[in-house]
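# Analysis of the macromolecular model
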Amino acid sequence: MEGENATNTDPAGPWTLVVPLKPLARAKSRLAPVAGAALRPRLALAFARDTVTAALSCRAVRDVVVVTDDTEAGAALAALGARVVPDEPDSGLNAALAHGERTVRAQRPGAALAALNADLPALRPAELARVLDYSAAFPRAFVTDAAGIGTTFLSAAPGVELRPTFGGPSRARHLDSGAVEIVLAGIDSVRQDVDTGDDLRAALALGVGPHTAGRWAAGVSLPDR
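The next thing to look at is helix H8 (residues 210–218). Looking only at H8, the buried set comprises His211, Thr212 and Trp216. Seen from one end, H8 has its buried residues packed into an arc of 120 degrees, which puts them on one side. Residues of H8 that are exposed and point more than 90 degrees away from the buried face comprise Ala217 and Ala218. On the buried face of H8, the contacting elements are helix H1 (32–56), helix H2 (71–80) and helix H7 (197–206).

Along the chain, Thr212 turns up in helix H8. In sequence terms Thr212 and Pro41 are 171 residues apart; their C-alpha atoms lie 12 Å from each other. Contact partners of Thr212, with chain neighbours within four places excluded, come to Ala46, Phe47, Asp50 and Pro121.

On to the nonpolar core, then. One finds Leu17, Val64, Leu116, Leu128, Leu132 and Phe153 to be the most contacted residues of the largest nonpolar core, which totals 39 residues. Only strand S1 (15–20), H1, strand S2 (61–67), H2, strand S4 (112–116), helix H4 (125–135) and strand S5 (140–144) provide two or more residues apiece to this core. Core analysis: the second largest hydrophobic core is formed by 16 residues, Val85, Ala111, Phe142 and Leu154 among them.

One non-glycine residue with positive phi stands out, namely Lys28, at about 55 degrees. Mapped onto the fold, Lys28 is located in the loop between S1 and H1. A relative accessible area of 17% places Lys28 in the buried class. Phi is positive for Arg163, which is not a glycine, with a value near 55 degrees.

This part covers the sheet that holds S1. Remark on secondary structure: sheet strands pair via backbone hydrogen bonds, oriented parallel or antiparallel. Read from one edge to the other, the open sheet built from seven strands follows the order S3-S2-S1-S4-S6-S5-S7, with strand pairing classed as mixed. Two strands bound the open sheet, and with one partner strand each, they are strand S3 (83–85) and strand S7 (180–181). In the packing of H1 onto the sheet, contacts are made with S1, S2 and S4, and the angle to S2 comes to roughly 155 degrees. Together, S1, S2, S3, S4 and strand S6 (151–156) form the strand contacts of helix H3 (residues 93–107), whose direction differs from that of S1 by roughly 145 degrees.

What follows concerns the packing of H1 against H8. At a minimum axis distance of 7 Å, the contact between H1 and H8 shows a crossing angle of 165 degrees. Compared by their axis directions, H1 and H8 come out roughly antiparallel. Viewed along their axes, H1 and H8 form a crossing whose handedness is right-handed. Contacts between H1 and H8 pair Val34, Leu39, Arg42, Leu43, Ala46, Phe47, Arg49, Asp50 and Thr53 from the former with Pro210, His211, Thr212, Arg215 and Trp216 from the latter.

As a further point, take the environment of Val65. Tracing the chain through its elements places Val65 in strand S2. As a C-alpha pair, Val65 and Leu206 span 141 residues in sequence and 26 Å in three-dimensional space. Val65 has contacts with Thr16, Leu17, Val18, Val19, Arg83, Val85 and Val104, leaving out every residue within four places of it along the chain.

Right, let's talk about the packing of aromatic side chains for a bit. For the coordinates displayed, the defined rule picks out one aromatic pair. Relative to Phe138, the ring of Tyr134 lies with its centre 5.4 Å away and its plane at 40 degrees, an arrangement referred to as tilted. Residue Phe138 is classed as partly exposed on the basis of its relative accessible area of 24%.

What follows is about the side chain of Asp199. Structurally, Asp199 can be placed in helix H7. For the buried residue Asp199, which engages in no salt bridge, the nearest side chain bearing the opposite charge is Arg30, 5.5 Å off. Once residues lying within four places of it in the same chain are set aside, the contact partners of Asp199 are Gln192, Asp193 and Val194.

About the thresholds
- Residues numbered from 1 in each chain as written.
- Predicted model: local features only at pLDDT ≥ 70, side-chain atom pairs only at ≥ 80, totals over all residues.
- Heavy atoms only, no water.
- Buried < 20%, exposed > 50% of the residue type's maximum accessible area, 1.4 Å probe, protein only.
- Helix = DSSP H or I, 4+ residues; strand = E, 2+ residues; numbered from the N terminus.
- Arc of directions from axis to C-beta.
- Contact = heavy atoms within 4.5 Å.
- Core = buried A, V, L, I, M, F, W, Y, C linked by side-chain atoms within 4.5 Å.
- Pairing = 2+ DSSP bridges.
- Axes fitted to C-alpha atoms, helices over the stretch in contact; angles between N-to-C directions.
- Parallel < 35°, antiparallel > 145°, perpendicular 65-115°, else oblique.
- Left-handed = near helix turned anticlockwise from the far one by under 90°.
- Phe/Tyr/Trp six-rings, centres within 6.5 Å; stacked < 30°, edge-to-face > 60°.
- Lys, Arg positive; Asp, Glu negative; His and termini not counted.
- Salt bridge = Lys/Arg side-chain N within 4 Å of Asp/Glu carboxyl O.

Okay, here's the thing in C-alpha cells:
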C-alpha cells in the first residue's frame, strides 16, 4: 500500500476489473453516525481511490473500468489511470456492473472480467492477485465479505456472463447461481469492505491505503465504544 502511483508498470495481467461507484452524496450512508455528513462522502471517495490504486498495481490486472455518474469521483479515479464510464442504466449496483461488462466486451469480447467493490481501502495488490489467479480455473467465482453475508468480488471467465447479484445476502445468491466461492487464507484485504463504523475499525486495523489514511486523519477520530 505504499506510494500513490496507481499504474501497473508491467500491465501484462489478463483481467479487467469493473468497479461501480454511486454518487458520493449518496454513498456510505451507514457511516454517517461515525463520520458525519461532511466527512462521509470524502471517505467514500478515499475508499475508491485506494481500491483503484491497489487494483491497478496488481500484476494480474490489465485495466480498471469505473462505472459512475459522479463527476468529482470520475475525475479523481481517471487521474489514477482508471477508465470511467457513465452509469447509463442508473438502476442500481447490478445494472451498473452489467453495463460495465457490456462496455468492456463490446471492445474486447474475450475479456476476463471481475466485479470489485469500491469500498476496499485496505486492499493489497498481492492478495487480489491470488484471488484472480484462483478465479482463472472457474467460469465464475466470488469472494464473500468479512461478515460472511455479502460479496466483494465476482469473476467471469472469457465468454462467460458475469450475472452479478450484489446487495444484502449476496453470498447465498451467488452460490445458488453456480459461482464458486473462493476460500483462501490470507485474503482479508479483499474481503474487508466498509459499510459501518465497525467495518472501518477493521479496515484501519488491517492498514488502509494513503487516501483513506490521510482523509481519516484530517477528519474525526472513531468514538470510543
